[in-house]
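Residue-level structural notes
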Amino acid sequence: MLASQLMDLRAMLHQQGVIFAYSGYVTELVLSGVGEALKQKLAIDDADTKTLRSVFAVFVEQMQNMIRYSAEKVSNSAAELPLIEMRYGVLTIGREGDDYVVHAGNLVARSDVERLRERLSEIRSMNKEELRALHKERLRAGPEEGSKGAGLGLMEIARRASKPIEFDFTDVDDKHAFFTLKASV
């Protein structure tokens, strides 16, 4: 990539208020490293403690969703080695007015789109009290079928967001769609 092309990308991100942009394979170490830089940037920005915690929590949930569920992945094939798997995603953190915005995207199986759309629509329609009640209910019920965590990440993002979450899907091919989730804090 020529310097002018990369500079154009930088200018576009800057114009859109992006302060962090990551596109690539995601691991827990990447999450940790970017998370530490994010905390430092928020401290430099003089973000209040509640905002800092909320932005960080939304960032972590978004990254963990990519690590666990992105359909774009690579892994080692050597049977004698421990399984190493990395998944691909895109994440930006920026400012829109007074809000911090965490926007993430990754490939998902098209067969999962309707289920995910229904779940996100349900979460988006709930107020903070309803989200809190559902969160407690799901904590008691345990992980959902097919979940690689407690199944609470999307609810946690919505609970921390200052505005209703936004999401979208676009078909990529006959097996995959690109999923995006935006949360303002």
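Look a little higher up for the structure.
Because the structure is a prediction, the values reported are computed rather than measured.

1. Comments concerning the overall build of the protein chain
Across its full length, the protein chain carries 6 helices and 6 strands. Reading the protein chain from its N terminus to its C terminus gives the helix and strand order α-β-α-α-β-β-β-α-α-α-β-β. The globule rule puts the C-alpha radius of gyration for 185 residues at 16 Å, and the 17 Å found for the protein chain is close to it. With respect to the principal axes defined by its C-alpha atoms, the protein chain has extents near 50 × 45 × 30 Å. For the protein chain, buried positions account for 37% of its 185 residues. Considering only residue pairs separated by 6 or more positions, the protein chain has 66% of its internal contacts joining residues 24 or more positions apart. Carbon and sulfur atoms make up 53% of the accessible area of the protein chain, which totals about 11,100 Å². Taking the average location of the 25 positive side-chain charges in the protein chain and that of its 28 negative ones, the two points are 4 Å from each other.

2. Observations concerning a nonpolar patch on the surface
Taken together, Leu-6, Leu-9 and Met-12 make up a surface patch of nonpolar side chains, about 250 Å² in accessible area. Looking at the element boundaries, Met-12 is found in helix α1 (residues 3–15).

3. Details of the pattern of salt bridges
Inspection of the entire model under this criterion finds 11 salt bridges. Notably, a salt bridge pairs Arg-117 with Glu-114, separated by 3.2 Å at the nearest N-O pair. On the criterion of helical spacing, the pair formed by Arg-117 and Glu-114 is a turn pair, its members being 3 residues apart in helix α4 (residues 110–125). The exposure class of Glu-114 is partly exposed, given its relative accessible area of 46%. A salt bridge links Glu-166 to Lys-182; the nearest nitrogen and oxygen atoms lie 3.9 Å apart. Highlighted residues: Glu-166 in strand β5 (residues 166–171) and Lys-182 in strand β6 (residues 176–184), separated in sequence by 16 residues. Exposure remark for Lys-182: the relative accessible area of 16% places this residue in the buried category. Residues joined in a network through salt bridges with shared partners are Lys-73, Glu-85 and Arg-87.

Each value, and the rule that gives it
Residues numbered from 1 in each chain as written. Predicted model: local features only at pLDDT ≥ 70, side-chain atom pairs only at ≥ 80, totals over all residues. Heavy atoms only, no water. Helix = DSSP H or I, 4+ residues; strand = E, 2+ residues; numbered from the N terminus. Rg over C-alpha atoms; globule rule 2.2 N^0.38 Å. Buried < 20%, exposed > 50% of the residue type's maximum accessible area, 1.4 Å probe, protein only. Contact = heavy atoms within 4.5 Å. Areas by Shrake-Rupley, 256 points an atom, 1.4 Å probe, with all protein chains shown as cover. Lys, Arg positive; Asp, Glu negative; His and termini not counted. Charge placed at Lys NZ, Arg CZ, Asp CG, Glu CD. Patch = residues over 30% accessible without salt bridge, like charges linked within 9 Å, V, L, I, M, F, W, Y side chains within 5 Å. Salt bridge = Lys/Arg side-chain N within 4 Å of Asp/Glu carboxyl O.

It is worth stressing that arrangement in space is one thing and function is another; only the former is reported here.
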